[in-house]
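What follows is the residue order along each chain.
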Amino acid sequence: MEEILQFGIEGFPVGCVYALVAVGLVLTYKTSGVFNLAFGAQAFLSAAVFLELRNDSDWPLWAAFLVAVVVVGPLVGLILDRALFRFMRTASWMVKLATSLGLLVAIPPTVQIWFGKGTRYSPPSVAPLLGIDAGRVFRFGDYNISADRLVAVIATLAVVLALALLFRYTALGLQMRAVVESPRMVELAGVDSERVSMSAWMLSSLLAALSGVLVAPLLTNVEAASMTLLIVAAIAAAAFGKLTSIPLTLVGGLVLGIGQRVIAGKLPPNSILAQGIRPALPFLLLFLLLIFLPALYKRRDVGDPLAGVDPPAPALAASYKDEQLRRFTRMIFPVFILGFILLNLFVLSDLWVFRLTNGLVLAVIFLSITAFTGLSGQVSLGTAAFAGFGAAITGQLASQSDVPSWIGMLIGAAVAAVIGALLAIPALRLGGIFLALATLAFGLMAESIIFPLDGSEDVLGFRVPIFGLTEFRLPEFHPNVFGGQLGVDVPRPEGLGTDQRFFLFVFGVFSVVAILVILVRNGATGRFLAAMRGSETAAASIGINATRQRITVFAFSAAIAGVGGSLLGMLNERSSSADWYTLLGIFWVVLVLNLGVRTVDGAVNAGMAFVLVSYLIEDLLHMPESIFFILFGLGAITYARHPEGVVEFQTRKSIDAQVRGRRSNQRADRLRNEGRLPSQWRRVSTVVGPMMPLLLVPVVGYYFGAQPLLFAVLIALPLLYSFWWVYCCYRDVHAHRGRGIAGPIGLLIDLAGRLVTFVLLPMQIAAMADEDGRDRPIGWQVGRAPIGFALFGLFLLHRSDTAKAPEELGLLVISLVGIVVFLRWVGEVQAALNQSWLDIADPESAGDQTDDEASETVAAPAALAAPAGGS
Amino acid sequence: MTTAPETAVPGATPDGGAALLDARGITKRFAGITALHEVSLDVRPGELVGLIGPNGAGKTTFFNCLLGMEHPDAGRVNFDGRDITNLPVYKRARLGFGRTFQRLEVFVGLSVLEHFLLADRARHGDVPLWRDLLRMSRTTADETGRADAMLEALGIRDLADKPIEALSLGRSRLVELGRALMTQPKLLLLDEPSSGLDRKETAALAQRLRRLAEESGTAVLLVEHDIDLVQQVVSRIFVLDFGTMIASGPTEDVLSDAAVRKAYLGDMV
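Residues numbered from 1 in each chain as written. Chains lettered and ligands numbered in written order. Predicted model: local features only at pLDDT ≥ 70, side-chain atom pairs only at ≥ 80, totals over all residues. Heavy atoms only, no water.

### Remarks on the overall build of chain A
When you go through chain A residue by residue, the secondary structure sums to 32 helices and 8 strands. Looking at the 871 residues of chain A, the share that counts as buried comes to 54%. Taking the contacts inside chain A whose residues are at least 6 apart along the sequence as the reference set, 77% of them involve residues at least 24 apart. Total accessible area on chain A stands at roughly 36800 Å², and carbon and sulfur atoms take up 66% of it. (Helix = DSSP H or I, 4+ residues; strand = E, 2+ residues; numbered from the N terminus. Buried < 20%, exposed > 50% of the residue type's maximum accessible area, 1.4 Å probe, protein only. Contact = heavy atoms within 4.5 Å. Areas by Shrake-Rupley, 256 points an atom, 1.4 Å probe, with all protein chains shown as cover.)

Quick look at the structure:
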């Protein structure tokens, strides 16, 4: 009994810290609707700053504390609100989730790069700030409590009291509570909701910073993993408080902190379960709370009542194609696929085949995200776990029972589907963010307990005392299903061991899975899910059983993840618990969301992007791997602007451009027949054509090495032609405007500040349109791509080994892409100019091809009359 | 003019005919406020019934209890002889409930035709995934035929392939109605269908509802504010005020009742 009390006292302070973060979570959730999963990362940031300033830079304790907690904390919160979440007030929960996940992924590696990698030890104690000696131990009767622990408790109680007073008695507190209900309605009442949210973010970040600094000495180190997991414990505590009650949240944190310590203390010390229970208990508790607490699972994420005024999501890009384009795509697609296969089988090196196979394998895993999130609009963060189940089972069956890999893969998929269904039955009553949290909890449980189990210990082997008289011993249970900590070998299928043959196998599996996903999407399940996405209430009213549909598609997606996982295991010929960590799964989801979650295209792009950017960063740029996570984390933040995914957006833009280009040519033909074609009009293909020899330069360089003379010819002629063309453009524009930058001066600018022309020329064309009173056919934004690429190219040259540069395949591809970007810019500018001249010569037929100002938003073909208006 | 009848036989009405929908003694409390107190209502097969009352009277809450979106704290709801008090929404739909929404609930992103096809398919129950994988769940010619017939009946043939978000409110309401009708409901529950419609559209709606009841024998329960519409359509009215049913009976009787006028109609001549 005394033992338990001692454990309780030890666990109490950690529980307090959990409660602090939890309160911050609830605060931002209540005021901005964002469940900020990145608070753990923010805590980590402040703890790292504190440690750095105090230990490495020898600042006085109070100064380091002040900067780390009172300055850095709220500052980060301010930046997050102003630069990010302010634009997402009425966005869907998925956008908010993707953004906070992106931050979760990006902040820890950023901190690590800034402060140097790895775990930092001996975090300074905060106790001296309260006048308590850091090493002092207090005795209450027979129980001890260290200074750090005591300080954590005191700090938490003070904070909670202050917050309670804030909410109850101040105007700001009341406003904070109102803002979450409806920011727009509150604004109608005259309250500046932006300021309220900003205050809430700064306050919550302060809490996160404080908890980071307080918890560090309790954990004796500062590392990303423990801090990031702090957030899950906080989420569990917040769930305990039903996301509405701060006192209950505090209690939840305490229950968790104490429970962790007590249970860990009662288990045999070095068992996997004991090591796993400490991180796993929050997840378990969160999972159970989400499923069994009616206040949580009945809660519908009530959107802003005025949010209905936002326009609906655009249709899939493919539906914008006209018949000609569709036929073209249908013809080209098999050629492209065949080319890709032949390339891998006969042309590329083994290393490259391995890389591309990796991309394809990831595409299969990502198809599980396409299947679940793309079809149902819900998010699951447990993908890594299901992939791991598939891989481990394939490996176990192969090594223990000699089952052929491909059969093992199918069995693994089936097992994953069953586990998925079992998980789904309770969890899929939840929706939105709560389902995401439940799957996150599941993934983390799998990571810390299920995967590491290796059959060496008795999982249920703790004794339960009954009335102190006797003990109840549960039957022994030695599971070793998923490989344990050492992992398991996963062999490739018989006869398909070489990289090329395995590539074919993977390609085959991918094709089958892709077809299945498309069949489901076009089938009744897909249609029912589409209805549910449109209006779940209405779907139920016509007889659709929403929960069952979601369970089905969740199990389906789990099976696909299992298949993908098996393939990944086979690719690396190994699977261990370290391969399937939850953060990776989160990263995958963020990546696919960003690139495009509704189409197979998006999954393929995501898989290839993962592999190719990895290659770019590690092999070409020689930068640390963490840059990768930072890039994609930051990329997630742009998700808000393109919720349909980057791939969809680009596809739509390019389809739109092609359709417009054809129409423009038709217009020109008509005018030419009438004899009215303006002389400045030039067909785009005749402009871009002579510049295309540039494309040969990298190809020649790759295959034949540097060839100065040939290069000089291949580069000089197109380059001179492009200068001439730019000169003509400036000249024509200047002639029409009567002012602006004249021809020769324009040419000089072009030569001197080549990069400037990329934005300057489009700006001139836009200005010309403004002066004529026409719609702008182009904007300066088209110059971003070539400039960005040029800068990137310079950076690349700086970082890579220029000696062997021409032979490096990656550089070849990148140079080709860069040249294509340039040619595309040329095409866009010429098209805009053509449109301008045609509109000037023939104003009546203008207007059916204008580009929106930034060419970023392309309107859907149907008229968007809001349902609340007239006919 | 009578108050809500208490009959001995569940499901039976004073005339002896079996009720299609029979809600008795529905009580619902929200955090200390009693939104509904012992409210009862019945609808016979093929009958057109109205539910009116001031704002805040509890109409929406009662409606939600009938539909399964809320669970009453006390009372029972019987439909076609079955106790459906605790049945989830989608199951009630499959038993024969159809409904429209006060705030438009359409399947954004789908076309009008797809709305109808979905409703037709959904009423048969869950579709197993394997059928999709074997391409066995495609839209049949029969289904397209029925959907076309519905489009024709509502006079919106030309809108078949238009995305729903491109339609005006009046037209969207029609689509909602058609969607509900595609499930071949025995009882159609309409939640303030006239809100946002102009006089012409409301009159057209009234006509449509009357014809519907005549031709297909579908019963209708109409929750409404527009007294004109109610008068034109329903044969019996229930009046709810402050959570209790203050009147029920044939339309004209109720509308001329003094208590009803005082509470709701405002002492008109």
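### As for unusual backbone geometry
Glycine aside, a negative phi is what most residues show, and trans is what most peptide bonds show. All names here are of chain B. Even without being a glycine, aspartate 80 presents a positive backbone phi close to 55°. Mapped onto the secondary structure, aspartate 80 falls in the loop between β4 (74-79) and β5 (82-83). Phi at phenylalanine 242 is positive, roughly 50°, even though this residue is not glycine. Structurally, phenylalanine 242 is set in the loop between β9 (236-241) and β10 (244-250).

### Observations regarding the interface of chain A and chain B
The partner chain B presents 37 residues to the 35 residues of chain A that form the contact. Across the chain A/chain B interface, buried area totals approximately 3000 Å², and carbon plus sulfur atoms make up 65% of it. Between the two partners, chain A and chain B, sit 0 salt bridges. Inspection of the chain A/chain B interface yields 7 residue pairs in polar contact (both at pLDDT 80 or more). Taken together, the elements giving at least two residues each to the side of chain A that touches chain B come down to α18 (499-522), α19 (524-534), α20 (536-541) and α21 (546-572) of chain A. If you tally residues by element for the side of chain A that touches chain B, the top one is α19(A), at 7 residues. Taken together, the residues of the side of chain A that touches chain B break down into 20 nonpolar, 13 polar and 2 charged. (Buried area = accessible area lost by both parts, 1.4 Å probe. Salt bridge = Lys/Arg side-chain N within 4 Å of Asp/Glu carboxyl O. Polar contact = N/O pair within 3.5 Å; in protein donor to acceptor, adjacent residues only side chain to side chain. Nonpolar A, V, L, I, M, F, W, Y, C, P; charged D, E, K, R; others polar.)

### Comments concerning the packing of helix α23 (residues 600-620) of chain A against helix α24 (residues 626-637) of chain A
Residue and element names in this part refer to chain A. Between α23 and α24, the least distance of the axes is 9 Å, while the angle of their chain directions is 130°. As the angle between them shows, α23 and α24 are arranged oblique. Our pair here, α23 against α24, has a crossing hand that is right-handed. Mapping the contact onto sequence places Ala609, Phe610, Val613, Ser614 and Ile617 in α23 and Ile627, Phe628, Leu631 and Phe632 in α24. For the contact of α23 with α24, a count of residues per class yields 8 nonpolar, 1 polar and no charged. (Axes fitted to C-alpha atoms, helices over the stretch in contact; angles between N-to-C directions. Parallel < 35°, antiparallel > 145°, perpendicular 65-115°, else oblique. Left-handed = near helix turned anticlockwise from the far one by under 90°.)

### Some remarks on the state of the cysteines
Residues and elements named next belong to chain A. On inspection of all chains with the given rule, the structure shows 0 disulfides over all chains. Left unpaired, cysteine 729 is separated from the closest cysteine sulfur, that of cysteine 728, by 7.0 Å. For cysteine 729, a relative accessible area of 1% puts it in the buried group. (Disulfide = S-S within 2.5 Å.)

### Some remarks on a nonpolar patch on the surface
Residue and element names in this part refer to chain A. Where nonpolar side chains cluster on the molecular surface, the patch consists of Leu338, Leu342, Leu343, Phe346, Val347, Tyr703 and Phe704 and spans about 780 Å² of accessible area. Broken down by element, the residue count for the nonpolar patch peaks at 5 residues, all from helix α13 (residues 323-347). For leucine 343, the position within the fold is in helix α13. By relative accessible area, which is 38% here, leucine 343 ends up partly exposed. (Patch = residues over 30% accessible without salt bridge, like charges linked within 9 Å, V, L, I, M, F, W, Y side chains within 5 Å.)

### Overview of the packing of aromatic side chains
Aromatic rings in a pair are described by how distant their centres are and how their planes are angled relative to each other. All chains considered together, the criterion is met by 21 aromatic pairs over all chains. Note on A:Phe502 and A:Phe505: the rings are 6.1 Å apart at their centroids and 35° apart in plane angle, and the pair reads as tilted. In this pair, A:Phe502 and A:Phe505 both sit in helix α18, 3 residues apart, roughly one turn of the helix. Ring geometry for A:Phe758 against A:Trp825: centres 4.7 Å apart, planes inclined by 85°, an arrangement best described as edge-to-face. Residue A:Phe758 is located in helix α30 (residues 754-772), and its partner A:Trp825 is located in helix α32 (residues 809-841); the two are separated by 67 residues in the primary sequence. Judged on exposure class, the residue A:Phe758 and its partner A:Trp825 are both buried. A network of ring pairs unites the aromatic residues A:Phe372, A:Phe386, A:Phe389, A:Phe442 and A:Phe554 as a single cluster. Geometry around A:Trp352 places A:Arg355 over its ring, the cationic atom sitting 4.7 Å from the centre. For the cation-ring pair, B:Arg99 lies above B:Phe101, with the distance from its terminal atom to the ring centre recorded as 3.9 Å. (Phe/Tyr/Trp six-rings, centres within 6.5 Å; stacked < 30°, edge-to-face > 60°. Lys NZ or Arg CZ within 6 Å of the ring centre and 35° of its normal.)

### Considerations on the pairing of strand β2 (residues 33-43) of chain B
Residues and elements named next belong to chain B. Sheet topology places strand β1 (residues 21-30) next to β2; 7 bridges connect them, and they run antiparallel. Paired with alanine 23 across the strands is leucine 41, a residue of β2. Where β1 hands over to β2, the hairpin turn is made up of 2 residues, of which alanine 31 adopts a positive phi near 40°. (Pairing = 2+ DSSP bridges.)

### Quick notes on the sheet that holds β2(B)
Residues and elements named next belong to chain B. With antiparallel pairing, 4 strands are arranged side by side in an open sheet as β2-β1-β4-β5. A strand with exactly one partner marks an edge of an open sheet, and here the two such strands are β2 and β5. Across 2 bridges, β4 lies against β5 in antiparallel orientation. The partner of phenylalanine 79 across the bridge, within β5, is arginine 82. The strands touched by helix α1 (residues 59-67) are β1, β2 and β4; relative to β1, the strand with the most contacts, the crossing angle is about 120°.

### Description of the confidence of the model for chain B
Predicted coordinates in regions of low pLDDT should not be interpreted in detail. All names here are of chain B. Of the residues in chain B, 92% reach a pLDDT of 70 or more, and the chain-wide mean stands at 84. This model gives residues 1-12 a pLDDT under 50, and the stretch forms 28 contacts once residues within four places in sequence are excluded. Predicted complex metrics record ipTM = 0.88 and pTM = 0.81. (pLDDT = per-residue confidence, 0-100.)

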